[in-house]
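# Secondary and tertiary structure notes
What follows is the residue order along each chain.
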Amino acid sequence: MRIMSSRNKFGRPLVFILLAFTAVGNVFAGVAASWVGNKDGQVRIEMADGSDYGLKLFSDVQGVYYDKSKHQIEGSAYVSVFQVSPSNPGKPEGFCGAGSEVWLYVYKVAGTNLSEQTRVLVSSCLRSISMNSQNSGEDTQDADFSSVQWHAQGFSIEWFENVDAAGRSLSSTKYVLRDNVFLPLEVLNKESPNE
């Protein structure tokens, strides 16, 4: 009986410690991006280094999520901004009425301005496109853009659902900077039935 009681005495604090580490790990695993709503066709984004930039938006864009970090590639700095628009604003009760279309815009820092380099549709109710990080089941998944990862040559996107031009399922797409252009390199899903 004493053995069981001492095991329970040490077991409870251990369980609480493990639960605390799990909770802290989950908080840092899916850090949400910053949100700025569209105000009269413009937003102002503030970067981690203290710089800020104004962006003009189309009237249908609700706002933007953005990564506060600047990413260095070949001696230039790049910023990623995710523009969010309703999928079917004319028919809110219809197909994808509550859905959204999210475009990743990559801008090159040019002094006090941002110059658009590329844009990629990363989430779409209408086209059934989504990233892994936005399919976690977490309450904050809509603001989790961790499927977009920057690296020394560009950035990559891990897909939950997307297809190439031939209709084959994609696992990821890597965008590599070549002559000031981000070129896509698609990686097919190993379980794609159309290979």
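See the structure shown above.
All values reported here derive from a predicted model rather than from experimental measurement. (Residues numbered from 1 in each chain as written. Predicted model: local features only at pLDDT ≥ 70, side-chain atom pairs only at ≥ 80, totals over all residues. Heavy atoms only, no water.)

### Details of the environment of Leu55
- Residue position: Leu55 is located in strand S3 (residues 52–56).
- Leaving out residues up to four positions away in the same chain, Leu55 has contacts with Gly41, Gln42, Val43, Ile45, Val81, Tyr107 and Leu114. (Helix = DSSP H or I, 4+ residues; strand = E, 2+ residues; numbered from the N terminus. Contact = heavy atoms within 4.5 Å.)

### Details of the packing of aromatic side chains
- Applying the stated criterion across every chain yields a total of nine aromatic pairs.
- Ring centres of Phe82 and Phe145 lie 4.0 Å apart, and the angle between their planes is 20°; this geometry places the pair in the stacked category. Placement of Phe82 in strand S6 (residues 76–86) and of Phe145 in the loop between strand S9 (130–131) and strand S10 (148–151) is noted, with a sequence separation of 63 residues between them. Residues Phe82 and Phe145 agree in their burial class; the two are buried. (Phe/Tyr/Trp six-rings, centres within 6.5 Å; stacked < 30°, edge-to-face > 60°. Buried < 20%, exposed > 50% of the residue type's maximum accessible area, 1.4 Å probe, protein only.)

### Quick look at the environment of Ser128
- As for its position among the elements, Ser128 is in the loop between strand S8 (113–124) and S9.
- Ser128 gets classed as partly exposed once you look at its relative accessible area, which sits at 39%.
- On a C-alpha basis, the gap between Ser128 and Asn162 in space is 7.1 Å, while along the polypeptide they are 34 residues apart.

### Quick notes on the pattern of salt bridges
- Counting across every chain of the model gives three salt bridges.
- One salt bridge connects Lys70 with Asp49, and the closest N-O pair in it is separated by 2.9 Å. Here Asp49 lies in the loop between strand S2 (42–46) and S3 and Lys70 lies in the loop between strand S4 (63–66) and strand S5 (71–73), a separation of 21 residues in the sequence.
- Since its relative accessible area comes to 52%, Asp49 is described here as exposed. (Salt bridge = Lys/Arg side-chain N within 4 Å of Asp/Glu carboxyl O.)

### Looking at the pairing of S10
- By the alternation rule, side chains of S10 split into Val148 and Trp150, which are all buried, and Gln149 and His151, of which none is buried.
- Here S10 runs beside strand S11 (residues 154–161); their pairing, made up of four bridges, is antiparallel. Following the sheet pairing, Val148 is matched in S11 by Ile157.
- Connecting the antiparallel pair S10 and S11 is a turn made up of two residues. (Pairing = 2+ DSSP bridges.)

### Quick look at the state of the cysteines
- Counted by the stated rule, this structure contains one disulfide.
- A sulfur-sulfur distance of 2.0 Å marks the disulfide that ties Cys96 to Cys125. On the sign convention where negative is left-handed, the bridge of Cys96 and Cys125, at about -85° about the S-S bond, is left-handed. Linking Cys96 in the loop between S6 and strand S7 (100–110) with Cys125 in the loop between S8 and S9, this pair joins segments that are 29 residues apart in sequence.
- Residue class for Cys96 comes out buried when judged on its relative accessible area of 8%.
- Of the residues examined, Cys125 reaches a relative accessible area of 30% and is grouped as partly exposed. (Disulfide = S-S within 2.5 Å.)

### Details of the side chain of Lys108
- Within the element layout of this structure, Lys108 appears in strand S7.
- The buried charged residue Lys108 lacks any salt bridge partner; its closest oppositely charged side chain belongs to Glu74, at an N-O distance of 8.0 Å.
- Not counting chain neighbours up to four residues away, the residues in contact with Lys108 comprise Ser76, Ala77, Tyr78, Asn113, Leu114, Ser115, Gln117 and Asn180. (Lys, Arg positive; Asp, Glu negative; His and termini not counted.)

### Topic: the pairing of S2
- Burial of the side chains of S2 is restricted to one face: Val43 and Ile45 are buried, whereas none of Gln42, Arg44 and Glu46 on the reverse face is.
- Bridging between S2 and S3 involves five bridges; their strand directions are antiparallel. Paired with Gln42 across the strands is Lys56, a residue of S3.
- From the end of S2 to the start of S3, which pair antiparallel, there are five residues, and Gly50 there has a positive phi angle of about 95°.

These figures come from the coordinates and say nothing about function on their own.
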